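If you want the building blocks of each chain, they are given just below.
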Amino acid sequence: MRVRRNRAAAVLGASLVCASALTACAPASGANTVNLYSAPEENLQQNVDRCNAESGGRYQIVYHKLPRDADGQREQMVRRLAAGDTGMDILYLDVSWTGEFAEAEWIREWTGQNKAEAERDTLRGPLETATWEGKLYAAPKNTNVQLLWYRKDLVPEPPKTWGEMISTAQRLEQEGKPHWISLTGAQYEGLYVHFNTLVQSAGGHIISDDGKRAVIDEGAVQALQALRDLGTAGVTSASMNNAKEDDARQEFESGQAAFQLNWPFVYPSMQEKKPELARNVGWARLPGLQPGVPSKSTIGGANYAVSSFSTKPDLAFEATKCLRNPESQKFSAINDGVPPALESVYSDPEVAAEYPMRDTILEALKDPGVRTVTPASQNVSTALSNLLAPIAEIDPQSTAERMRTEVQNALDSKGVMP
């Protein structure tokens, strides 16, 4: 599993790649040209080349790289789509953006045979992220799910609950052993992901199912209490409140942590950089909140959508189906470390060899936590992240009250521009 090992080299691509982290690239033109705007992936160009070859000249996909960070990706696309830009055909969307782009009428609905092909073999959770008001607006490109990574030399069996994880870490500290719990505590989307996982694991809700009303119920209050318990337990590093995914990975690799809550990209990094540590690391579903009730890990990933302003929508749909078919998802899973959204790909022998934790990933993906799809997803994420950080200062009841007000304000916002 070669995940993100050489992402720094991703800006060096084939001649058809238009790479700019700061400004939009001029779209290529031509009767059969299909402009793909996607996040940087080191080996995505190879999927593009294969699809172009297989098309027999019907289309020619040109891969334009969006900025590396999600906010930059969204900003570039939103500004161009709001202006009715016809130079964008296939759009890479974070799983949380579907409602916003669909409600703004920037992306086309998948219907008929296109819809049937997009739904075939696709896991339920990823498919939910591509749906808005009962209609399919994108095709899942890949998915992702966080796991609990733990030191088997310190903890023979992974903790099943959040409280057990904390108490085990405290015991390890008393014994003078590595004991930190590494996770993303910075004020950004990563913290919202942990909160959503805890809320759904408790059977709670942040937003109503229709994406229009702030709920913040008792399950959400339990999740707030769980975050506060961790923040005040003395089992996280001093830098936890500023940590994002790669910071948590590095912290765990330092050898001072017993647990890590993070995406599967951490596994190959350990194999490459800390092989001695990797031999002693196990994985499991994230701990739940209640004994005997499995967690619902919030899924990540990306979807492909076809722009409403594309002048070649038929070619764009055809090209998109190739870019996310089983062969493409298998290649990306092995070479770029993005877990497939198609269930059958997990049983492929080559994928199985690269993903020893595939059964755990698939188990979590079949019982996932999904962020409610809403046009105001960006505003909601910002509001929640602001209220959740730092986690040690959460007051469950009063924070929940503020959330109800501020999340509702975010949902009622008329603006969709960044």
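Parameters and conventions
- Residues numbered from 1 in each chain as written.
- Predicted model: local features only at pLDDT ≥ 70, side-chain atom pairs only at ≥ 80, totals over all residues.
- Heavy atoms only, no water.
- Helix = DSSP H or I, 4+ residues; strand = E, 2+ residues; numbered from the N terminus.
- Rg over C-alpha atoms; globule rule 2.2 N^0.38 Å.
- Buried < 20%, exposed > 50% of the residue type's maximum accessible area, 1.4 Å probe, protein only.
- Contact = heavy atoms within 4.5 Å.
- Areas by Shrake-Rupley, 256 points an atom, 1.4 Å probe, with all protein chains shown as cover.
- Lys, Arg positive; Asp, Glu negative; His and termini not counted.
- Charge placed at Lys NZ, Arg CZ, Asp CG, Glu CD.
- Salt bridge = Lys/Arg side-chain N within 4 Å of Asp/Glu carboxyl O.
- Disulfide = S-S within 2.5 Å.
- Axes fitted to C-alpha atoms, helices over the stretch in contact; angles between N-to-C directions.
- Parallel < 35°, antiparallel > 145°, perpendicular 65-115°, else oblique.
- Left-handed = near helix turned anticlockwise from the far one by under 90°.
- Nonpolar A, V, L, I, M, F, W, Y, C, P; charged D, E, K, R; others polar.

Draft legend 1. Highlighting the overall build of the protein. Within the protein, the secondary structure is distributed over 17 helices and 12 strands. Radius of gyration (C-alpha) of the protein: 21 Å, near the 22 Å computed for a compact globule of 418 residues. With the C-alpha coordinates of the protein rotated into their principal frame, the extents come out at 70 × 50 × 35 Å. Here the protein holds 418 residues, and the buried ones make up 58% of them. Considering only residue pairs separated by 6 or more positions, the protein has 77% of its internal contacts joining residues 24 or more positions apart. If you sum the accessible surface of the protein, you get close to 16300 Å²; carbon and sulfur atoms cover 46% of it. Each charge class in the protein can be summarised by its mean position, and for the 42 positive and 53 negative side chains these summaries are 2 Å apart.

Draft legend 2. Structural context of the pattern of salt bridges. Inspection of the entire model under this criterion finds 24 salt bridges. The salt bridge involving Glu 41 is made with Lys 141; its shortest N-O contact spans 2.6 Å. Of this pair, Glu 41 sits in the loop between strand S2 (33-38) and helix H1 (44-54) while Lys 141 sits in strand S7 (residues 139-145); the two residues are 100 residues apart in sequence, bridging distant segments of the chain. For Glu 41, a relative accessible area of 4% corresponds to the buried category. Between Glu 253 and Arg 249 there is a salt bridge, and its shortest N-O distance comes to 2.9 Å.

Draft legend 3. Representation of the state of the cysteines. Evaluated as defined, the whole model comprises 1 disulfide. In this model Cys 51 forms its disulfide with Cys 322; the gap between the sulfur atoms is 2.1 Å. Where Cys 51 bonds to Cys 322 through sulfur, the torsion about that S-S bond is close to -95 degrees, and the disulfide is left-handed. Residue Cys 51 is located in helix H1, and its partner Cys 322 is located in helix H12 (residues 313-323); the two are separated by 271 residues in the primary sequence. Classification of Cys 51 by relative accessible area gives buried; the value is 0%. Its relative accessible area of 8% is what places Cys 322 among the buried residues.

Draft legend 4. Structural view of the packing of H1 against helix H13 (residues 326-336). Taken N-terminus to C-terminus, the directions of H1 and H13 make an angle of 160 degrees; their axes are 9 Å apart at the nearest point. Considering their axes alone, H1 and H13 lie roughly antiparallel with respect to each other. Read as a crossing pair, H1 and H13 show a hand that is right-handed. Seen from H1, the contacting residues are Leu 44, Gln 46, Asn 47, Arg 50, Cys 51 and Glu 54; seen from H13, they are Glu 327, Ser 328, Phe 331, Ser 332 and Asp 336. In terms of residue class, the contact of H1 with H13 is built from 3 nonpolar, 4 polar and 4 charged.

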